[in-house]
Structure formats: C-alpha cells, structure tokens
Amino acid sequence: MGPYVARRLLQMIPVFAGATLLIFLMVNVMGDPVAGLCGERTCDPATAARLKQEFGLDQPVWQQYLTYMGNVFTGDFGTAFNGQKVTELMATSFPVTARLTIVAILFEIAIGVTLGVAMGLSRGRPVDTGVLLVTLVVISVPTFVTGLLLQLMLGVEWGWIKPSVSWEAGFGELIVPGLVLASVSLAYVTRLTRTSIAENARADYVRTAVAKGLPRHRVIVRHLLRNSLIPVVTFIGADIGFLMGGAIVTERIFNIHGVGFQLYQGILRQSTQTVVGFVTVLVLVFLVANLLVDLLYAVLDPRIRYA
Amino acid sequence: MPEPQHLEPPPYVPGGTPELGPADAEVLRTGPGGRGPGGTGPGGTGAGGPDPTGGPSAVPSAAPEERVRSLWSDAWHDLRRNPVFLVSALVILFLVLIALWPQLIAPGNPLDCDLAKAQQGSGPGHPFGFNGQGCDVYTRTVHGARTSVTVGVCATLGVAVLGSVLGGLAGFFGGVWDAILSRVTDVFFAIPVVLGGLVLLSVVTSSTVWPVIGFMVLLGWPQISRIARGSVITARQNDYVQAARALGASPMRILLRHIAPNAIAPVIVVATIALGTYIALEATLSYLGVGLKPPSVSWGIDISAASPYIRNAPHALLWPSGALAVTVLAFIMLGDAVRDALDPKLR
C-alpha cells in the first residue's frame with residue numbers, strides 16, 4: 001500500500017503543475033491582470049507600468065508562475081481586488097461549498113444507488129423503463145434550468161423553501177440547492193448502478209449465495225451490492241471535483257456565497273489572484289478525491305492488492 | 001469474433017490443407033447466424049470480416065462472404081426498427097431544418113421588440129407570448145435553434161477529429177508520445193469545464209459562436225482521445241492486424257484500412273452523446289454571461305434574460321428551456337440508440 005500511494009502522489013505532481021499552469025496562462029496571457037485594479041476605466045499607461053513592476057508582471061511568465069507557486073506552498077495566495085487576503089475568502093467560502101457538495105453526494109448515494117439497485121433487480125419491468133426515461137430527461141435538462149424551475153415552484157409559488165439561501169448557509173437551507181447540484185450526476189449514478197447490478201445479478205457467486213440459503217437482503221447487500229459498487233464509487237469520486245467546480249451555477253441561482261460565488265466575482269472583476277488561487281485548490285481537491293477512490297477499491301474488492 | 005483471422009492464413013501456409021477453405025466458409029456461414037440478432041461481436045471486429053482481406057487472399061472463402069453483414073449494416077438494420085432512434089432522428093431532422101431556414105415557421109424578426117408588450121402572455125399570432133423586452137418568444141425560440149445546432153455540430157466535429165487523431169496515433173504508436181498524451185489528458189480532466197469556460201471566455205470580446213466552439217474543442221478533445229486510444233489499442237491486438245503487418249502493409253495503411261474502421265464505433269457513440277451536452281454547455285455559459293452575447297439569439301441568453309421576470313412572465317423562461325431540453329434529450333437518446341445498435345453486449 002505504502003509504495004503505491006507514494007507512486008500515485010508522485011504522478012499527481014505533473015498533473016497538478018500542468019493544470020495550474022494552464023489556468024495561470026489563460027488568466028495572465030489572455031487577460032490583462034492589472035486592468036481590474038483601475039476599476040471601470042482604462043488604466044493610465046504610466047500607472048499600468050508602475051503596477052506591473054510592483055507586482056512583478058514585467059518578468060517572463062514562467063518566472064511569475066514559479067514565484068506564484070512558491071508563495072502558494074508557503075500558504076500565501078495573494079490579495080483579492082478589495083484588499084482582502086485570498087485565504088480569508090477561501091476560509092469563508094469553502095466550508096459553504098463543502099456543505100453543498102456533501103448534501104449533493106449524500107443525495108447521489110441515497111437516491112441514486114437505491115433507485116439503481118431497485119431498477120437493476122426489476123430489469124425490463126415498467127418501473128425500470130419509467131425511471132430510465134426519467135433519468136434521461138433529468139440528464140438532458142441543464143442544471144440551471146432545473147434550478148430556476150425548482151426555485152420558482154418550491155420557493156416562489158408554493159413557499160416551501162426560501163428562494164435564496166442566507167449567509168450562513170446551514171445544511172437545512174442547502175437541501176434543495178444540493179438536489180439541484182446533484183441532479184445530473186444523480187441520474188448517471190442511477191443508470192450506472194442499474195447496469196452494474198443487472199450484470200452481476202447473473203454471476204455465479206450470487207447463485208452460490210442464494211443456493212447456500214442466505215436471506216435475500218444479505219445476498220443483495222453483502223454480495224451483489226459490494227461487487228457492483230466499484231464503477232459507482234469511481235464515478236462519485238471523480239464527481240466531487242466536478243460538483244465543486246459546477247457549483248458556480250447552483251450558487252448563482254440560489255445566491256449562496258460559496259466558492260462559485262467568489263470565483264464568479266473574481267472573474268467579473270478580473271481579480272487574477274482570486275481566480276488562480278481558487279482553481280488551484282479545486283484541482284487539488286479533484287486529484288486527492290481520485291486518489292482516495294483508487295485506495296477505496298482495495299476495500300471494496302479484496303482481489304485488488306496494491307504492491 | 002474469430003472469423004477475420006480465419007480468412008487470411010490459408011493461401012500463405014505452404015501446402016496448407018485444402019479442407020481449410022471450406023471449413024472457414026462453414027465458420028463464416030454459421031458464425032454470425034448462430035448468434036441471433038446481435039450478429040457481430042463487441043468492439044466491432046465484424047466489420048473487419050470483408051474489409052481487411054483485400055484482394056486475392058479472400059478467394060477461398062469469397063462466396064459466403066456476401067451473406068455476412070458488416071457491423072454497420074447490422075447496426076442500421078437494428079436502428080431502423082428502434083422507435084427511440086426514429087423519434088430522436090425526426091426531432092433532430094426538424095431542428096436542423098429550422099436551424100437552416102427558421103423563416104419557414106417563424107417569419108418574424110427575432111430582434112424586433114416592442115417594450116409596450118413586455119411580459120404579455122400568449123395572444124393571436126404570438127403563441128408563446130412576449131419576454132421582458134417585448135420580443136416575441138416564439139420567433140426567438142425558433143431562431144435560437146440555429147446557434148445551438150451550430151455550436152453543437154461544429155464543437156463535436158472539432159472534438160471528434162482532434163481527439164480521435166491524437167488518441168488514435170498515441171494508441172497505435174505507443175511509447176513516449178503515448179505517455180505524454182496520457183498525462184496531458186489528465187491535466188485537462190483536472191479542470192472543471194464550466195470553470196475553464198468562465199476563465200477563458202471572460203477575456204474574449206467577440207460575440208460570434210467561434211470562441212465558444214474553440215473553447216469546447218480545447219477542453220473536450222481529451223474525452224474522445226481517451227476513448228479512441230483505448231479502442232485502437234484493443235483493435236491493434238487482433239490477428240488480422242498482425243497478418244496485415246506480416247504482409248508488409250505500411251503502418252499508415254494498417255491504421256487507416258484495418259484499425260480505424262474497427263475502432264471508430266465507440267468514438268461515434270461518445271461524440272453523439274457529447275453533442276447534446278455541448279448544446280447544454282453553450283446555454284449554461286450564455287446563462288452565466290460569458291458564452292454568446294446579446295445581439296445573437298440563443299436559448300441560453302433568453303433563459304438568462306427571462307430569469308429576473310420569472311414571477312410575472314414564466315412563459316418567457318419555459319419555452320426556450322423546453323426547446324433546449326428537447327434538443328439535448330434528442331441527441332442523448334440518439335447516442336443511446338446508436339450505442340445499443342453498435343454494441344449488443346450492453347443491452
């Protein structure tokens with residue numbers, strides 16, 4: 001296990017460097033990093049030159065990147081447009097988005113896996129076909145449409161929830177936004193679980209378990225489910241990163257002050273430090289989640305051994 | 001599965017027994033028929049049957065070959081009987097039609113707006129009502145199909161060509177370039193798509209569809225290249241490829257004539273489904289204000305513009321949303337149907 005983890009960590013380094021470099025280039029080469037500091041006007045050339053010198057923007061890009069990464073590893077993410085430390089913005093926004101992502105993942109596991117198991121076991125029946133169709137519809141309606149519609153129905157028309165989330169954003173308020181965020185992935189998890197269960201339901205070990213006289217729920221939970229969950233776990237693990245990045249749409253609809261909100265503000269006001277800093281952390285989250293998923297394989301499937 | 005490899009050896013084995021020919025013909029005749037409607041195996045080796053034999057080597061078993069359906073005609077046979085395929089193909093045909101000639105069913109000008117009619121409900125001649133700016137929702141919804149279809153088709157074409165060329169070459173030649181390409185795809189996978197779009201497109205000032213398409217190609221090709229790489233590696237190990245190499249075929253010929261036809265099926269399936277998601281992605285980016293800009297007519301822009309008036313004029317939001325959902329659904333269902341036809345194992 002140890003050497004495997006070490007190798008995976010080493011493999012993460014080039015991917016991390018490449019992804020952050022890509023974002024860094026997008027922001028710095030294509031945009032104008034000092035334009036945001038002059039507000040809505042164009043910068044006076046002398047001021048711009050002075051600012052560029054002050055921030056080290058007259059140096060070559062690779063040197064800027066190395067300096068930035070050096071600062072990041074000492075915990076200095078720079079300063080946002082309004083003089084706040086980027087780390088302060090992160091400290092207020094990441095817990096909110098983390099809560100939102102947790103709610104979304106819980107929905108995926110609770111509803112997605114349960115529905116998938118039920119469908120996989122009743123394959124070909126009307127229930128199965130019906131839910132399959134519903135998942136297709138959910139996949140094809142973009143998240144922002146689902147969000148706006150649910151906000152209109154539940155928040156405005158029926159008044160079940162508050163249409164916008166308060167500043168603290170507790171778990172209770174995040175249930176509907178979490179469901180919206182999870183909706184597309186939820187449909188994928190359902191379909192994936194269904195396929196996997198239906199494939200494994202005919203396997204020899206299931207027949208053996210039934211022949212041994214094990215109760216049905218034990219066959220399903222201990223034998224069938226455990227073997228069928230591997231692709232689902234892969235999907236959910238990779239999804240954590242996408243959910244945190246995709247939360248930008250959901251957070252905008254429900255006015256949640258999380259990572260997506262800060263990123264959106266950063267992009268609108270051309271605050272380079274905010275954008276690159278947040279994306280760096282998101283990429284790290286994505287990579288670590290994928291590593292954890294690979295390690296989880298060994299728990300789910302004892303046949304996999306990491307040397 | 002085994003039929004292609006039986007085709008080639010006999011003429012080249014010195015003194016090969018004459019029974020081999022007819023025996024192979026037996027395999028060919030009974031093989032596909034005995035496997036029911038599925039016909040060809042997964043991964044599309046069936047198409048290799050008639051194809052790679054090329055020339056005189058096929059002579060001993062030429063006669064029964066005509067009765068073997070290739071993967072593609074087999075898939076087409078299945079698709080014509082699949083109601084899901086027929087419905088989604090009809091919807092897509094209609095969409096392409098109104099994308100090319102929107103005037104056919106909506107003669108008005110989508111930029112023709114009258115503030116006095118803002119947020120009005122449906123009336124005679126204006127079945128979908130008016131939006132917040134007093135523009136006719138029906139005309140705008142019909143005209144919005146053009147941008148969505150353009151973005152979807154162009155982005156998919158770009159992604160499919162770039163991804164399958166890079167992935168195919170990496171999978172075929174392997175070695176250092178393959179390792180580099182795999183790491184590069186890892187890098188692109190680590191960047192959330194919507195986020196990359198926001199960062200990249202927020203600095204672009206052009207209001208045409210091309211920056212959006214370019215961005216989708218830039219961030220979309222790794223998905224296809226991974227699929228293409230995997231399927232080329234699978235196809236490369238087949239015996240008919242070894243045989244072609246033994247015959248002295250050049251790498252290019254092997255790749256284009258023998259591997260490509262047998263490896264392209266998964267790429268087509270993924271690309272069809274991706275087309276639907278690209279249309280949804282364009283709308284999402286336009287909703288966030290970085291995709292297309294207001295003079296152009298797009299469902300994403302209309303939905304975004306209608307969301308502040310959602311209380312008083314929900315119809316302005318519902319019609320473009322509905323059109324968007326139906327379009328995406330049609331492409332995803334088409335991709336599903338094509339996958340079922342090309343890979344019977346997944347049923």
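Residues numbered from 1 in each chain as written. Chains lettered and ligands numbered in written order. Predicted model: local features only at pLDDT ≥ 70, side-chain atom pairs only at ≥ 80, totals over all residues.

1. As for the overall build of chain B
Point 1. In terms of regular secondary structure, chain B is built from 13 helices and zero strands.
Point 2. Reading chain B from its N end, one meets helices and strands in the order α-α-α-α-α-α-α-α-α-α-α-α-α.
Point 3. In chain B, which comprises 347 residues, the proportion classed as buried is 51%.
Point 4. Taking the contacts inside chain B whose residues are at least 6 apart along the sequence as the reference set, 73% of them involve residues at least 24 apart. (Helix = DSSP H or I, 4+ residues; strand = E, 2+ residues; numbered from the N terminus. Buried ≥ 20, exposed ≤ 12 C-beta atoms within 10 Å, placed from the backbone. Contact = placed C-beta atoms within 7 Å.)

2. Let's talk about the overall build of chain A
Point 1. A tally of helices and strands in chain A yields eleven helices and zero strands.
Point 2. Helices (α) and strands (β) of chain A occur, in sequence order from the N terminus, as α-α-α-α-α-α-α-α-α-α-α.
Point 3. With 307 residues in all, chain A has 38% of them scored as buried.
Point 4. Of the contacts made within chain A by residues no fewer than 6 positions apart, 74% connect residues no fewer than 24 positions apart.

3. Topic: the interface of chain A and chain B
Point 1. The interface is formed by 35 residues belonging to chain A together with 32 residues belonging to chain B.
Point 2. Residue assignment for the side of chain A that touches chain B shows that the elements contributing at least two residues are helix 1 (2–30), helix 5 (126–140), helix 6 (143–157), helix 9 (216–254), helix 10 (259–268) and helix 11 (272–300) of chain A.
Point 3. Counting residues per element, the side of chain A that touches chain B draws most heavily on helix 1 of chain A, at nine residues.
Point 4. Tallied by class, residues from the side of chain A that touches chain B come to 29 nonpolar, six polar and no charged. (Nonpolar A, V, L, I, M, F, W, Y, C, P; charged D, E, K, R; others polar.)

4. Structural notes on the packing of helix 4 (residues 71–80) of chain B against helix 13 (residues 315–342) of chain B
All names here are of chain B.
Point 1. Direction vectors running N to C along helix 4 and helix 13 enclose 125°, while the axes themselves pass 8 Å from each other. Viewed along their axes, helix 4 and helix 13 adopt a mutual orientation that is oblique. Of the two possible hands of crossing, helix 4 and helix 13 adopt the one that is right-handed. In contact with Leu 71, Ala 75, Asp 78 and Leu 79 of helix 4, helix 13 contributes Ala 337, Ala 341 and Leu 342.
Point 2. Of the residues in the contact of helix 4 with helix 13, the class split is six nonpolar, no polar and one charged. (Axes fitted to C-alpha atoms, helices over the stretch in contact; angles between N-to-C directions. Parallel < 35°, antiparallel > 145°, perpendicular 65-115°, else oblique. Left-handed = near helix turned anticlockwise from the far one by under 90°.)

5. Quick word on the confidence of the model for chain A
Point 1. In the predicted model, chain A carries a mean pLDDT of 79, and the fraction of residues at 70 or more is 87%.
Point 2. The lowest-confidence element of chain A is helix 2 (residues 45–54) of chain A, averaging 73 in pLDDT; the highest-confidence one is helix 8 (residues 204–211) of chain A, averaging 87. (pLDDT = per-residue confidence, 0-100.)

6. Examining the environment of Trp 76 of chain B
All names here are of chain B.
Point 1. If you trace the backbone, Trp 76 turns up in helix 4.
Point 2. Classification of Trp 76 as exposed rests on a count of 12 C-beta atoms within 10 Å.
Point 3. Taking the C-alpha atoms as reference points, Trp 76 and Arg 229, separated by 153 residues in sequence, lie 25 Å from one another.

7. Comments concerning helix 7 (residues 175–189) of chain B
Residues and elements named next belong to chain B.
Point 1. The terminal C-alpha atoms of helix 7, which comprises 15 residues, lie 21 Å apart, in line with the 21 Å expected from a rise of 1.5 Å per residue.
Point 2. The complete set of buried residues in helix 7 reads Thr 185, Asp 186, Phe 188 and Phe 189. For helix 7, the buried positions fall inside an angular range of 165° around the axis, keeping them on one side. What points out from helix 7, more than 90 degrees from its buried face, is the exposed set Val 176, Trp 177, Ala 179 and Ile 180. (Expected span 1.5 Å × (residues − 1). Arc of directions from axis to C-beta.)

8. Examining the nonpolar core
Point 1. Counting 156 residues, the largest nonpolar core has Ile 23 of chain A together with Leu 198, Val 199, Val 212, Met 216 and Ile 224 of chain B as the members making the most contacts within it.
Point 2. No other element matches the 21 residues that helix 11 (residues 251–288) of chain B contributes to this core. (Core = buried A, V, L, I, M, F, W, Y, C linked by C-beta atoms within 7 Å.)

9. Remarks on unusual backbone geometry
Point 1. Non-glycine residue Asn 255 of chain A carries a positive phi angle of around 55°.
Point 2. Secondary-structure assignment places Asn 255 of chain A in the loop between helix 9 and helix 10.

10. So, helix 5 of chain A
Point 1. Here helix 5 of chain A contains 15 residues, and its C-alpha end-to-end distance of 21 Å stays within 8% of the 21 Å for a straight helix at 1.5 Å per residue.
Point 2. Along helix 5 of chain A, the positions that sit buried rather than exposed are Thr 135, Ile 139 and Ser 140 of chain A. Buried residues of helix 5 of chain A, seen end-on, are gathered within an arc of 130° and therefore sit on one face of the element. When the buried face of helix 5 of chain A is taken as reference, the exposed residues oriented beyond 90 degrees from it are Pro 126 and Gly 130 of chain A.
Point 3. Against helix 7 (175–200) of chain A together with helix 11 and helix 13 of chain B lie the buried residues of helix 5 of chain A.

11. A closer look at the packing of helix 9 of chain A against helix 11 of chain A
Packed helix pairs are specified by the crossing angle of their axes together with the interaxial distance, meaning the distance between the axes.
All names here are of chain A.
Point 1. Here helix 9 crosses helix 11 at 170°, and the two axes come no closer than 8 Å. In terms of their interaxial angle, helix 9 and helix 11 are classed as roughly antiparallel. Contact with helix 9, carried on its side by Arg 226, Leu 229, Ile 230, Val 233, Thr 234, Gly 237, Ala 238, Ile 240, Gly 241, Met 244 and Gly 245, involves Leu 282, Val 285, Phe 286, Ala 289, Asn 290, Leu 292, Val 293, Leu 296, Tyr 297 and Leu 300 of helix 11 and no other residues of that element.
Point 2. Considered class by class, the residues forming the contact of helix 9 with helix 11 number 15 nonpolar, five polar and one charged.

12. Some thoughts on the confidence of the model for chain B
Residues and elements named next belong to chain B.
Point 1. Counting all residues, the mean pLDDT for chain B is 73, and 73% of those residues have values of 70 or more.
Point 2. Counting interchain partners and residues more than four positions distant, the pLDDT-below-50 stretch residues 1–65 has 83 contacts.
Point 3. Here the prediction assigns the complex a pTM of 0.76, and the interface score ipTM is 0.78.

13. So, the environment of Leu 201 of chain B
Residues and elements named next belong to chain B.
Point 1. Tracing the backbone shows Leu 201 in helix 8 (residues 193–201).
Point 2. Since 23 C-beta atoms lie within 10 Å of it, Leu 201 is described here as buried.
Point 3. With 23 residues separating them along the chain, Leu 201 and Asp 178 place their C-alpha atoms 30 Å apart.
Point 4. For Leu 201, the contacting residues outside a window of four places in its chain are Pro 211, Val 212, Phe 215, Leu 285, Val 290 and Gly 291.

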